[in-house]
Amino acid sequence: MENPTPQHPHETDPDTPERSTIIEIEGFNFYYGQTHALKDINLTVEDNSVTALIGPSGCGKTTLLRCLNRMNDLTEDARIDSGKILINGYNIYDKDVDVIELRKKVGMVFQKSNPFPKSIYDNIAYGLRIQGIRSRSKLNEAVENCLRAAALWDEVKDRLNDNAMMLSGGQQQRLCIARALAVEPEILLMDEPCSALDPVATSKVEELIHSLKEDYTIVIVTHNMQQAARVSDHTAFFYLGRLVEYNVTEAIFMNPKDPQTEAYVSGRFG
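Bear in mind the structure is a predicted one, so any value in this text is a computation, not a measurement. (Residues numbered from 1 in each chain as written. Predicted model: local features only at pLDDT ≥ 70, side-chain atom pairs only at ≥ 80, totals over all residues. Heavy atoms only, no water.)

Asks: What am I meant to see in the overall build of the chain here?
Replies: When helices and strands are counted, the chain shows ten helices and ten strands. In summary, the chain has a C-alpha radius of gyration of 19 Å against a globular reference of 18 Å for 270 residues, a match within 12%. Projected onto its principal axes, the C-alpha coordinates of the chain cover approximately 55 × 40 × 35 Å. The proportion of buried residues among the 270 residues of the chain is 51%. The contacts of the chain with a sequence gap of at least 6 include a subset with a gap of at least 24, amounting to 70%. Element-wise, carbon and sulfur atoms account for 47% of the exposed surface of the chain, whose accessible area totals about 13,100 Å². (Helix = DSSP H or I, 4+ residues; strand = E, 2+ residues; numbered from the N terminus. Rg over C-alpha atoms; globule rule 2.2 N^0.38 Å. Buried < 20%, exposed > 50% of the residue type's maximum accessible area, 1.4 Å probe, protein only. Contact = heavy atoms within 4.5 Å. Areas by Shrake-Rupley, 256 points an atom, 1.4 Å probe, with all protein chains shown as cover.)

Structure representation (structure tokens):
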């Protein structure tokens, strides 16, 4: 397959109310050792929206997701060659950025649910206690609010002291979402959050994503084309480390401008 054509500028429906931009990625080039993983990425993400990153395995979508809260700092030989990522107008790769504070504001939910081997209650309260919150009433309120936000409260309210590892896979993933919400992020990154879940649990997480965008900005990596179409407002298609096309989701799936995008979303490759 030929190299992708240049990425198309982001287009919006004129009937859609304008949202403010919360993430701006400008001329971003990223390497793992000698491997050029992300090539001149330019992308904006709107506040209180869901943006899906799609593309075949190894195309750079998870790498970009991990760059948004500097998780790639933990990877040996990972480096930025050029460009920047702005969140609320601040370059998150500036030398004076507090990475711990950044990760509070930009939470992450991983492909495999990873609850702590603690009680349901302590999973949510953990991050708050690290911040120095000791008031039982404040912790109780936060635990309930986060579990309600994650659509899990009614299922676990009578067993908050049970080990979180006893929950079903879908419940564990929603608990991890609730845990991420506890430290009050602005942005929630989701790396294939439903890939290990059955259809019923997947449906619950998708419903949750819809409700959460009222209060949070969500960026989700998914291999599931139907899921991207269902949950996202905007979709970005990546191939070989390049952003090929970015647009409102309906346009990406119904009227893509790039032939490679059309081939991917129609299932002809990937």
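Asks: For this particular structure, what's the right way to read the sheet that holds strand β1 (residues 21–32)?
Replies: Sheet strands associate in pairs through backbone hydrogen bonding, adopting either a parallel or an antiparallel arrangement. Ordered in space as β2-β1-β4-β5, the four strands form an open sheet in which the pairing is antiparallel. At either margin of the open sheet sits one strand with a lone partner, and together these are β2 (35–46) and β5 (90–91). Bridge analysis of strand β4 (residues 78–87) against β5 gives two bridges, and the strand direction is antiparallel. Across the sheet, the residue bridging to L86 is N91, located in β5. (Pairing = 2+ DSSP bridges.)

Asks: Would you mind going over the sheet that holds strand β6 (residues 106–109) with me for this structure?
Replies: Here we have six strands laid out as an open sheet, ordered β6-β7-β8-β3-β9-β10, and mixed in their pairing. At either margin of the open sheet sits one strand with a lone partner, and together these are β6 and β10 (242–248). Within the sheet, the average angular offset between the axes of one strand and its neighbour, ignoring direction, is 20°. Both β6 and strand β7 (residues 187–191) contribute to a ladder of four bridges, which runs parallel. In the sheet register, V109 faces β7, and the bridge partner there is M190. (Axes fitted to C-alpha atoms, helices over the stretch in contact; angles between N-to-C directions.)

Asks: Explanation requested: the nonpolar core in the structure shown.
Replies: As a rule of thumb, nonpolar side chains are buried together in soluble globular proteins. In terms of nonpolar packing, the biggest core is built from 51 residues, with I54, L147, I177 and L188 touching the most fellow members. Those residues within four positions of I177 in sequence are excluded, and the remaining contacts are V109, L188, M190, V205, L208 and L212. Counting 32 residues, the second-largest nonpolar core is a separate cluster that includes L65, Y93, L102 and V221. (Core = buried A, V, L, I, M, F, W, Y, C linked by side-chain atoms within 4.5 Å.)

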